[in-house]
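Topology and contacts: notes
Chain by chain, the residues run as shown.
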Amino acid sequence: MGHSPRRDLVAGVAVAIVALPLALAFGVASGLGAQAGLATAVVAGIVVAVFGGSHVQVSGPTGAMTVVLVPIVHRHGSEGVLMVGAMAGAVLVVLAVARMGQYVRFLPVSVIEGFTAGIAVVIALQQVPAALGIRDAAGTRVWASASDAVRQYVQDPRVAPLVVALGVAVLMLGGARWRPGVPFSLLGVTIATIVSRSFDLGLVPIGHLPATLPSPSIGFLDLGSAGSLVAPALAVAALAALESLLCATVADGMTVNERHDPDRELFGQGLANLVVPIFGGVPATAAIARTAVNVRAGARSRLASVVHSLVLLAAVFALAPVVSDIPLAALAGVLFATCVRMVETGSILALMRSTRSDALIVALTFGVTVALDLVTAVGVGVGLSVLLALRAVAKSARLEAVPLETGDHTVEEHALLSEHIVAYRLDGPLFFAAAHRLLLELPEIADVEVVILRMSRVTTIDATGARLLGDAISRLEHRGITVLLSGIAPGHDEVLASLGVGDHLRRGGLIFADTPAAIDGARRLLSADGE
């Protein structure tokens, strides 16, 4: 934390500016209020920064978690949510001690994209009543309450809330394209609050926000009701683990030489979720948007996340009266824009084009997330992925008559290695459960200038395998190693091309029909570099 404190201080302030309206919005969306969102951002941000497994990750309330919390609030009330958070924290600590963090990496990318898009739709539907100025929308499912809000709005239309919500969302989305570094979410909320305080527009405000965090309390603990909360707690723990470890993986890709510890990350998230309910906060997890801002602002250590929390704490003390007047419609606009940013349309379309299996998994996971719940969607998506992967492996299994190989290949391999060239042959299926070893082992190659990946014996490849192959290539190239591909089957090349994997290799003439041609190409490259 002492290497570059100035950069961490600047990054922490930048993240806090972005996090303030999001913490308020997610607190309100969860059903426990804006104060709960702020408490979560402050406490979880500090605890996970100190005890978590990533140096640059930022934690707090998130949109995905609110999707899980809303039905818990309806069934068990606010104390039930606090109890669920503490129980989920305990589950995460147990998972960390059991060293289960590594297994989250096996989640297929098609499942991730499907439930991410579904979460975005659910969050947007949750905000429809606030955006329309409706306080008492009926319905246990988000789509039902959104429909009821629209019905009430048609009977008694109110222009101001809708204009404010859409105005904030348009400002955030348009401003991000114009000046990405400007916190347009905070600017939009500020303008909406000023207008609301200056004119009587009939906008519903957040309400009273005390100028302090709640006093620590364990009054929510009720061991008698713990049995009925086991299932919700497991759902919250699963989501916290999944979102945090995926966010940490993304953070690793955005930084140089950063590798998170998945088990320590689970421990940090578990400890945070044990502490946060004592201060009246909702369950926390890592936040990809805030983590991205942190990295782009130059964060180098855990100090940045701690600073982010301290700045939010100062805002609670200094700005509580002003924050209390923020219109709910403005926060709805913040979440509308956040939902649009969550969905990577290009990535989803690429997955839908890559294979029929991936397209089916994306569509089914999305549909179940919106219609039922997130945990069910992940279970259905992973189950379908396993079945389709096993089907693909079974179809690719075959007996081949292969002639005996002759000649001293060891001598040839040593000769190549002396030229700083190494060739690896990939055998069998390259799909979501089999491709991770490639990603983890290839970047560890030492004293090599050219790596040839022989693809002729790859029997099947899916979107996750293709993405991980692309990640492995990028990591090798980041270390100054040139990567060549050889023997790619036409069907596999279509999957790689649809996802943009290896496009720069195609343009550079670094993909070859067979291994001898690739070896000749590698030698030409090294000869040209030597000149």
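Attention in this report is confined to the structure presented alongside it. The residue numbers shown here count from 1 along each chain, following its written sequence. Totals for whole chains, interfaces and linings use every residue, but because this is a predicted model, local features are given only for residues with pLDDT of at least 70 and side-chain atom pairs only at 80 or more, for both listing and counting. The basis for every side-chain value is the complete set of heavy atoms in the structure, and neither hydrogens nor water enter the calculation.

Before going further, it helps to examine the pattern of salt bridges. Whenever a carboxyl oxygen of Asp or Glu lies within 4 Å of a side-chain nitrogen of Lys or Arg, that contact is scored as a salt bridge. This model, assessed by the stated rule, comprises 7 salt bridges. Where Arg197 meets Asp325, a salt bridge forms, and the shortest distance between an N and an O atom there is 3.2 Å. With a gap of 128 residues between them, Arg197 in helix H8 (residues 184-198) and Asp325 in the loop between helix H12 (303-324) and helix H13 (328-342) connect regions that are remote in the sequence. Each residue is placed in one exposure class: buried if its accessible area under a 1.4 Å probe, protein chains only, is under 20% of its type's maximum, exposed if it is over 50%, and partly exposed if it falls in between. Exposure remark for Asp325: the relative accessible area of 27% places this residue in the partly exposed category. Bridged by salt links that share partners, the residues Asp493, Asp503 and Arg506 form one connected network. Counting from the N terminus, the helices are the DSSP runs of H or I reaching at least four residues and the strands are the DSSP runs of E reaching at least two.

Considered as a void within the structure, the second largest pocket measures approximately 1,200 Å³ in volume. Put simply, the grid is 1 Å and covers the protein atoms alone, a cavity is a trapped set of points that fit a 1.4 Å probe, a pocket is an open set with protein on both sides within 12 Å along at least five of seven lines, and lining residues have an atom within 4 Å of a point. What lines the second largest pocket is a set of 46 residues, among which Ala29, Val70, His74, Gln126 and Val142 lie closest to the centre. Of all the elements, helix H3 (residues 63-97) adds the most residues to the lining of the second largest pocket, at 9 residues. Taken together, the residues of the lining of the second largest pocket sort by class into 29 nonpolar, 12 polar and 5 charged. Grid points are joined across faces, edges and corners, and a volume is the space filled by probe spheres set on the points. Amino acids are sorted into nonpolar (Ala, Val, Leu, Ile, Met, Phe, Trp, Tyr, Cys and Pro), charged (Asp, Glu, Lys and Arg) and polar (every other residue, Gly among them).

Backbone geometry at Arg99 places phi at a positive 60°, although glycine is not the residue there. Tracing the sequence through the fold places Arg99 in the loop between H3 and helix H4 (109-126). In this structure, His420 is a non-glycine residue whose phi angle is positive, near 65°. Tracing the backbone through its elements, the reader meets His420 in the loop between helix H17 (409-418) and strand E3 (421-425).

Glancing now at helix H11 (residues 288-296). Among all positions in H11, only Arg290, Thr291, Ala292, Asn294 and Val295 are buried. Lining the buried residues of H11 we find helix H1 (5-30), strand E1 (59-60), helix H9 (230-254) and H12. In the stretch just after H11, Gly298 is the one whose phi turns positive, near 100°. The criterion used for residue contact is that any of the two residues' heavy atoms lie within 4.5 Å.

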